[in-house]
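# Structural characterization, general
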Amino acid sequence: MEGSSPTPGNVSANQGHCETAANYRCVIVTHGRYRVAICRDGVQWLFQKCTREKPCARARWKTVGYFVTREALRALQHRSTGANWPELDALPEGMNRETKE
């Protein structure tokens, strides 16, 4: 789902429910070993780094930050990657803090 803004509840059958899964349904953008996703409740963004504990294991994504503002998300993303991700410009300034059903 690179470059799109998925919403929780808008899921196809082959997408994962676990936020650390390689096929997690709410990924907004992936660049190399980093990605941004929406949490399963739709109340914050996750900045994640891909990790593998064993060469034969599937990729797992460790969350390194949780954000409700685009500015804070972009700050950690830039510190971690040293690059500008223009896809994040399309995000709203803040995440709606009400739980989404």
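Residues numbered from 1 in each chain as written. Predicted model: local features only at pLDDT ≥ 70, side-chain atom pairs only at ≥ 80, totals over all residues. Heavy atoms only, no water.

Of all hydrophobic cores here, the largest spans 21 residues; its most connected members are Ile28, Val36, Trp45, Phe47, Leu73, Trp85 and Leu88. Of all the elements in the fold, those that place two or more residues in this core are strand 1 (27-31), strand 2 (34-38), strand 3 (45-51) and helix 1 (70-81). For this core, the element with the highest residue contribution is strand 2, accounting for 4 residues. (Core = buried A, V, L, I, M, F, W, Y, C linked by side-chain atoms within 4.5 Å. Buried < 20%, exposed > 50% of the residue type's maximum accessible area, 1.4 Å probe, protein only. Helix = DSSP H or I, 4+ residues; strand = E, 2+ residues; numbered from the N terminus.)

Another aspect to go through is the packing of aromatic side chains. Where two aromatic rings form a pair, the distance of their centres and the angle of their planes describe that pair. Evaluated as defined, the whole model comprises 2 aromatic pairs. Pairing phenylalanine 47 with tryptophan 85 gives two aromatic rings, centres 6.0 Å apart and planes at 50 degrees, and the pair type is tilted. Note that phenylalanine 47 is positioned in strand 3 and tryptophan 85 in the segment after helix 1, a separation of 38 residues in sequence. Across the pair, tryptophan 85 and phenylalanine 47 agree in class, each one buried. Chaining the aromatic ring pairs together yields one cluster made of Tyr34, Phe47 and Trp85. (Phe/Tyr/Trp six-rings, centres within 6.5 Å; stacked < 30°, edge-to-face > 60°.)

Next up on the list: the sheet that holds strand 2. The pairing of strands in a sheet happens through backbone hydrogen bonds and is either parallel or antiparallel. Reading across the sheet, the 4 strands line up as 1-2-3-4 and stay open at both edges, with antiparallel pairing between neighbours. The open sheet is flanked by strand 1 and strand 4 (60-67), the only strands paired with a single partner. Between one strand and the next, the sheet's axes are offset by a mean angle of 25 degrees, whatever the strand orientation. (Pairing = 2+ DSSP bridges. Axes fitted to C-alpha atoms, helices over the stretch in contact; angles between N-to-C directions.)

All right, on to the confidence of the model for the protein chain then. Confidence along the protein chain averages 82 in pLDDT terms, with 74% of residues attaining 70 or more. Of the regions scoring below 50 in pLDDT, residues 1-14 engages in 26 contacts with residues more than four places distant in sequence or in other chains. (pLDDT = per-residue confidence, 0-100. Contact = heavy atoms within 4.5 Å.)

A separate point is the pairing of strand 3. The buried count for strand 3 comes to 5 of 7 residues, which makes it a mostly enclosed element. As paired elements, strand 2 and strand 3 share 5 bridges and run antiparallel to each other. Looking at strand 3, one finds that isoleucine 38 is bridged to tryptophan 45. The pairing of strand 3 with strand 4 spans 7 bridges and is antiparallel. By the bridge assignment, lysine 49 is partnered in strand 4 with lysine 62.

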